[in-house]
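Architecture and fold: a report
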Amino acid sequence: AIMKGAKDSFHKEDIIFHSNTVEKMKEISEEEDIRYKMSNKEVMEEAKYIILAVKPQMFEMILPEIKECISREHVIISLAPGVTIGQLEELCGTKRIVRTMPNTPALVTEGMTGVSYDETIFTEEEKQTVEKIFSSIGKMRVVDEKLIDCVVCASGSSPAYVFMFIEALADSVVKCGMKRNEAYEFVAQT
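Residues numbered from 1 in each chain as written. Predicted model: local features only at pLDDT ≥ 70, side-chain atom pairs only at ≥ 80, totals over all residues. Heavy atoms only, no water.

1. Remarks on the pairing of strand β6 (residues 111-116)
- With five of six residues buried, β6 is to be regarded as a mostly interior element.
- Tracing the backbone out of β6, into helix α6 (residues 124-135) and back to the parallel element strand β7 (residues 138-142) gives a crossover that is right-handed. (Buried < 20%, exposed > 50% of the residue type's maximum accessible area, 1.4 Å probe, protein only. Helix = DSSP H or I, 4+ residues; strand = E, 2+ residues; numbered from the N terminus. Right-handed = clockwise from strand over helix to strand, strands pointing away.)

Structure, rendered in structure tokens:
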């Protein structure tokens, strides 16, 4: 979702990625027309803004691989819930950490992302780039890190409850005689 949104705000040549399987990288690359690298280290050599789009349990495997490549210029952006800036600083060996909490509507550029970082560490240009990244997938707001758990409740996890509500409402409309695909269209658009 972030790559798709970023394509509209950045030059596609400025976006690279790595994934855990060659098949997945080829699929994404063909679908999105974005370059990939065969290792995280190769991405680190070419990119300044590194988005860690992995589950927290994967950090122990991935971060040791890239830690030695992290320079003073890198901006490390985490999407992982429950992993604090302090923990990331320790794991990455840098204070240049941005902690974020996007949500699933980012898939259709209607997301809401909470962003937290120490504003004294980053330049205005770096702050604007972080804002540009997350504005490309919807809205974003910088919040104090102590509020990131609130962001998880407000927008991070809440789409799942909305989806359940949509499903239940569609079920009731189908029960009244409407075809399921039409019910989904009416309810989802509402």
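2. What about the packing of helix α8 (residues 158-175) against helix α9 (residues 180-189)?
- Between α8 and α9, whose axes approach to 9 Å, the crossing angle comes to 130 degrees. Regarding the angle of α8 to α9, the classification is oblique. Here α8 runs over α9; the crossing is right-handed. Each of Ile166, Glu167, Leu169, Ala170, Asp171, Val173 and Val174 in α8 lies in contact with α9, whose residues at this interface are Arg180, Ala183, Tyr184, Val187 and Ala188.
- When its residues are assigned to classes, the contact of α8 with α9 shows nine nonpolar, no polar and three charged. (Axes fitted to C-alpha atoms, helices over the stretch in contact; angles between N-to-C directions. Parallel < 35°, antiparallel > 145°, perpendicular 65-115°, else oblique. Left-handed = near helix turned anticlockwise from the far one by under 90°. Contact = heavy atoms within 4.5 Å. Nonpolar A, V, L, I, M, F, W, Y, C, P; charged D, E, K, R; others polar.)

3. Concerning α6
- If you check α6, its first and last C-alpha atoms are 16 Å apart, about what 12 residues at 1.5 Å a residue would give, namely 16 Å.
- All of the buried residues in α6 are Glu126, Lys127, Thr129, Val130, Ile133 and Phe134. Projected down its long axis, α6 shows its buried positions confined to an angular sector of 160 degrees, all on one face. Exposed residues pointing more than 90 degrees away from the buried face of α6 are listed as Glu124, Glu125 and Gln128. (Expected span 1.5 Å × (residues − 1). Arc of directions from axis to C-beta.)

4. A look at the environment of Ile15
- Along the polypeptide, Ile15 turns up in the loop between α1 (2-9) and β1 (16-17).
- Taking the relative accessible area as the measure of exposure, Ile15 reaches 10% and is therefore buried.
- For the pair Ile15 and Arg72, spaced 57 residues apart in the sequence, the C-alpha separation amounts to 20 Å.

5. Examining the sheet that holds strand β4 (residues 75-78)
- In spatial order, the strands read β3-β4-β5-β6-β7; together these five strands make up an open sheet with mixed pairing. Of all the strands in the sheet, the pair left with one neighbour each is β3 (49-52) and β7. Across this sheet, the average inter-strand angle for adjacent strands is 25 degrees, counted without regard to direction.
- Looking at chain direction, β3 and β4 are connected through four bridges and run parallel. Bridge pairing links Tyr49 to Val75 in β4.
- Sheet strands touched by helix α7 (residues 148-156): β5 (97-101) and β6. Its angle to β5, the strand with the most contacts, is close to 35 degrees. (Pairing = 2+ DSSP bridges.)

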